[in-house]
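# Report on the structure
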Amino acid sequence: DAEPGRETVLCATDFRQRPMLYMQPEEWAEFLRLIPQLREQLSQCQAEIEEQDEQGAAMREYWLRRQYIVDKHESKRVGR
């Protein structure tokens, strides 16, 4: 067994490099083994989103709201 505090682990961080989790080598190997399955689940989820056209519906709703709002900056030229 390793000495206390002398164990090799993988540290996963967020964009600010704050530790979010630590993985043992066995856990990392299992994660790597599951990557194809996770990708398949993500693609299925993306297909459902595209089927429901959530982004397109949101953009149409946004445009309908913007039609009746006066944008005082719309006709201004930048850099002049």
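Structure: see above.
Basis of the calculations
Residues numbered from 1 in each chain as written. Predicted model: local features only at pLDDT ≥ 70, side-chain atom pairs only at ≥ 80, totals over all residues. Heavy atoms only, no water. Helix = DSSP H or I, 4+ residues; strand = E, 2+ residues; numbered from the N terminus. Rg over C-alpha atoms; globule rule 2.2 N^0.38 Å. Buried < 20%, exposed > 50% of the residue type's maximum accessible area, 1.4 Å probe, protein only. Areas by Shrake-Rupley, 256 points an atom, 1.4 Å probe, with all protein chains shown as cover. Lys, Arg positive; Asp, Glu negative; His and termini not counted. Charge placed at Lys NZ, Arg CZ, Asp CG, Glu CD. Phe/Tyr/Trp six-rings, centres within 6.5 Å; stacked < 30°, edge-to-face > 60°. Patch = residues over 30% accessible without salt bridge, like charges linked within 9 Å, V, L, I, M, F, W, Y side chains within 5 Å. Salt bridge = Lys/Arg side-chain N within 4 Å of Asp/Glu carboxyl O.

From N to C terminus, the protein includes two helices and two strands. The linear arrangement of helices and strands in the protein, starting from the amino end, is β-β-α-α. In terms of overall size, the protein is more extended than a compact globule, its C-alpha atoms giving a radius of gyration of 24 Å where 80 residues would be expected to give roughly 12 Å. C-alpha atoms of the protein, sized along the principal axes, occupy 70 × 40 × 20 Å. When each of the 80 residues of the protein is scored for burial, the buried share is 4%. Of the roughly 8200 Å² of accessible surface on the protein, 53% is carried by carbon and sulfur atoms. Taken together, the 12 basic and 16 acidic charged side chains of the protein have centroids lying 18 Å from each other.

Bringing the packing of aromatic side chains into the picture now. Tallied over the entire structure, the rule returns one aromatic pair. Judged by centre distance (5.6 Å) and plane angle (25 degrees), the rings of W28 and F31 are stacked. Placement of the pair is W28 and F31 together in helix α1 (residues 25-52), with a separation of three residues, close to one helical turn. By relative accessible area, which is 34% here, F31 ends up partly exposed.

To continue, consider unusual backbone geometry. A positive phi is found at Q17, a non-glycine position, where the angle reads about 65 degrees. Summarising the element assignment, Q17 is placed in the loop between β1 (10-13) and β2 (19-23). Judged by its relative accessible area of 64%, Q17 is exposed.

Right, let's talk about a nonpolar patch on the surface for a bit. A grouping of L10, W28, F31, L32 and L38 is seen on the molecular surface, where their side chains present a nonpolar patch of about 400 Å² in accessible area. Per element, the largest residue contribution to the nonpolar patch is four residues, and it comes from α1. With respect to the secondary-structure elements, L38 resides in helix α1. Of the residues examined, L38 reaches a relative accessible area of 35% and is grouped as partly exposed.

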